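# Observations on the model geometry
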Amino acid sequence: MLERGSTLRTVQGPAAGLAAQALLVSALAATVGLGSAGWLAGAACGLVLNVTLAGALWRDRSGQLGPASWVTLLRASLVVGVAALTAASLDRDVPVAPLVALAAAALVLDFVDGWVARRTESESALGARMDGEVDAFLILVLSIAVAPTAGAWVLAIGAARYAFLAAGWIVGWMRARLPRRDWRKTVAATQGITLTIAAAGVVPPVLARLALAAALALLAESFGRDVWWLWRHRHATRPAAVARRRDPGAAVLTALALLIVWLALVAPDQPSRLTPGAFVRLPIEGIVVVALALVLPAGARRILAWTAGPVLGILVVVKLLDLGFFTAFDRPFNPVDDWSYASIGIETLRDSIGRTDANLVLAGVVLVGVAALVLPTVALVRLTRVAAGHRRLSLQAVASLAAGWLVFWAFGAELVSGARIASTSAAALAVQEVRTVQEGLHDRAVFARTLRHDRYRFATGDRLLTGLRGKDVLLVFVESYGQVAVQGSSFSPRVDSVLDAGTTGLRAAGFASRSGWLTSPTFGGISWLAHSTLQAGVWVNSPTRYDQLVASDRLTLSQAFQRAGWRAVDDVPSNERDWAAGSSFYHYDKIYDRRNVGYRGPTYAYASMPDQYVWAALQRRELGTRARPPLFAEVDLVSSHEPWTQVPPLIAWDRVGDGSIFTSLPVDMTGARDTRQGYGHSIEYTLRTLFSFVEHYGRKNLVLVVLGDHQPATTVSGENPTHNVPISVVAHDPAVMRRIAGWDWASGMRPSSRAPVWPMSAFRDRFLSAFGSRLDPS
């Protein structure tokens, strides 16, 4: 075991090398222009190479660097510069001269360090090992530089030594120490010289390929002779690691720890990327962490493991959250905003499947979260400890894996699925999360400026909505009514038939309709973001923006109607608590929820009552009353809310009563067996109910704006769906329809694929403008 002073000496050489390499890469970036590829390659190569050199120092008992070894460290710095230039040349034009100059200088210093070692009588096994590592790395980098012009077969020159090391992991006798042979040094120098000449392009391509083939033949002969010697002496040189008895249980635990860390690093965070190929990539983060663990003292290694482990656990939790959010909302988890959905999500889950089942699901989620945090940490601690206990073998493994990663990264090697074999996904995810937090914090100021710019803020009532005077206007949100309901799905033909029949029925009752598309700011849920976006005319796609909006004085459609003399009400049938923003921001005169509409019937999964009862209650309490002002109402229909497992029947309107009749009526349970078909049936029910209500109760002064709030979750919408939802305007008065003729919407309740698509935030201003709202002259 090395003493403290020896440990410090072990670290100071590679540390000095890293500093020199950083200066060299910076200088190259300033003079040549490396780009991100060059910077990344320089950093990765510098770290891996210096870790390898530190490992050689650690194995040496003295831990001291002689004069020749300092020359070798200078060579290593030049090699890192060659690597940075090589990587940069793969995606941009980089001058060949700097690369050739650095490579040539590194080759010349290869002779200098030997001469220095002999003159100072400081030749040692340590110096030879360090020299060999730098030689191998330079040859690998040069083979990558030459491969694009000479052919991929040249990579065999650079990969030969690392393949030899990898074979030693499998075949124990190949890990034995070889006797000194100067021919090896000659062959290694030949490889470097030949590759540098080929990179310089100073000889014809044919001659360059012939020279490289000859160099490869020499290399094959040299390695072949070494393998033959090891085979002949395999019994006499059996390594200690092979001779030791191994604990099978400990080996299984170590293999399991490696598997957990590997999967945690390469596991994708999107359902569409969950393919077998995603798990057979090389994670650079794991290579770097293990490499650092091999050269750090025991105390520092433990700090590294207990720091990196929880970070890895947090990344696993983020990946799990991303998978869930992509499935439900078609977007990644936002660490700034999405924590606020926890309580609402729990409440929705309990309403949908019952309190007992929901509590069991929540307990399972908590267990998975704890395991995701703890297991990667424990696994990484064990992996770094075992690697440090088998330092020589681990260093060989790290060097070979790093070399393989560099080759795969340099050539952009991909699996059939499109995933890159050389993975940086864990680091990229960590950077993405940091940027998301920064962008979320910055967005507050951006959105505050947007809220202050409201062209209708000071418009007086006599200047608003003059084209709708005397009309009852219903803004109807149909839960989860997205584009997938009417286009391109197995259930859309049935929904389209309902829409076509509804269009015919409305026309027979004297109503016309036009339909188009809006792009929703949300997907799969969180409906109030869509409601506020449409009413306030700004893009509200996060809880932070929603909180900012409801604390502002932005004009909403409900306020505009109220200013102009309408009575404004909100009908949210599944709410069961007071809603402050309904009064303080939307300024509704009345808010109806499940507590005050007199419903006495059963619930239907999430829906507290059938949509038919919502309509009947609104008719009884508002639309059917006499001697009243015109009505504006936002009506939220939730029979089509996930999980779509219980769809109520549509009955005669005179049977609805207080809803108790529904207790004895059959329920459509299709969604319990087939989620997609259950969703389709729920949309059909909601639309049929709406058409039936208009045909039965609709007066000539009735105007409806009917739209979806968002698409259903990806379990129904599929992969890569749009965020578009249908929107329709229904009116009996032809003058109303003439005012939106310029919108180019399709006639009827079914929007065509050629209809325009607007952001949902654009609707408020277009609607106010179309129906006679004028800006205040001031």
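Heads up: these notes are all about the structure in this document. (Residues numbered from 1 in each chain as written. Predicted model: local features only at pLDDT ≥ 70, side-chain atom pairs only at ≥ 80, totals over all residues. Heavy atoms only, no water.)

### A word on the overall build of the protein chain
Secondary structure summary: the protein chain contains 27 helices and eleven strands in total. The buried share among the 778 residues of the protein chain stands at 52%. Restricting the contact set of the protein chain to residue pairs at least 6 apart, pairs at least 24 apart contribute 78%. In the form shown here, the protein chain has an accessible surface area of approximately 33900 Å², with 61% of it arising from carbon and sulfur atoms. (Helix = DSSP H or I, 4+ residues; strand = E, 2+ residues; numbered from the N terminus. Buried < 20%, exposed > 50% of the residue type's maximum accessible area, 1.4 Å probe, protein only. Contact = heavy atoms within 4.5 Å. Areas by Shrake-Rupley, 256 points an atom, 1.4 Å probe, with all protein chains shown as cover.)

### Things to note about the packing of helix α7 (residues 182–200) against helix α8 (residues 205–232)
Packing of α7 against α8 brings their axes to within 10 Å, and their N-to-C directions diverge by 160 degrees. In this view, α7 runs roughly antiparallel relative to α8, as classed from their interaxial angle. The two elements α7 and α8 cross, and the hand of that crossing is left-handed. Taking contact as the criterion, the partners of Trp 183, Arg 184, Val 187, Thr 190, Gln 191, Thr 194, Leu 195 and Ala 198 in α7 are, on α8, Ala 208, Ala 211, Leu 212, Ala 215, Leu 216, Leu 218, Leu 219, Glu 221, Ser 222, Arg 225 and Asp 226. Looking at the contact of α7 with α8, its residues break down into eleven nonpolar, four polar and four charged. (Axes fitted to C-alpha atoms, helices over the stretch in contact; angles between N-to-C directions. Parallel < 35°, antiparallel > 145°, perpendicular 65-115°, else oblique. Left-handed = near helix turned anticlockwise from the far one by under 90°. Nonpolar A, V, L, I, M, F, W, Y, C, P; charged D, E, K, R; others polar.)

### Considering helix α11 (residues 284–295)
Spanning twelve residues, α11 covers 17 Å between terminal C-alpha atoms, matching the ideal 16 Å at 1.5 Å per step. Extensive coverage of α11 is indicated by the burial of eleven of its twelve residues. Residues Ile 284, Glu 285, Gly 286, Ile 287, Val 288, Val 289, Val 290, Ala 291, Ala 293, Leu 294 and Val 295 constitute the buried set of α11. (Expected span 1.5 Å × (residues − 1).)

### Quick word on the nonpolar core
Grouped together as the largest cluster of nonpolar side chains are 77 residues, with contacts concentrated most on Val 146, Tyr 162, Leu 195, Leu 212, Trp 405 and Leu 406. Broken down by element, the residue count for this core peaks at twelve residues, all from helix α5 (residues 125–150). Among the nonpolar cores identified, the runner-up in size contains 57 residues, and Val 540, Ala 568, Leu 768 and Ala 770 belong to it. (Core = buried A, V, L, I, M, F, W, Y, C linked by side-chain atoms within 4.5 Å.)

### Looking at the pattern of salt bridges
Oppositely charged side chains may form a pair once their charged atoms are brought near each other. Inspection of every chain in the model, using the stated rule, returns 18 salt bridges. Residues Asp 443 and Arg 545 are paired through a salt bridge, measuring 2.8 Å at the closest nitrogen-oxygen approach. Linking Asp 443 in helix α16 (residues 425–452) with Arg 545 in helix α19 (residues 543–550), this pair joins segments that are 102 residues apart in sequence. Between Arg 688 and Glu 684 there is a salt bridge, with the nearest N and O atoms lying 3.6 Å from each other. You can see Arg 688 and its partner Glu 684 sitting in helix α24 (residues 675–697), four residues apart, about one turn around the helix. Accessibility expressed as a relative area gives 42% for Arg 688, which makes it partly exposed. Assessed through its relative accessible area of 3%, Glu 684 is described here as buried. Three or more residues joined by partner-sharing salt bridges are found here, namely Asp 454, Arg 455, Arg 554, Arg 764 and Asp 765. (Salt bridge = Lys/Arg side-chain N within 4 Å of Asp/Glu carboxyl O.)

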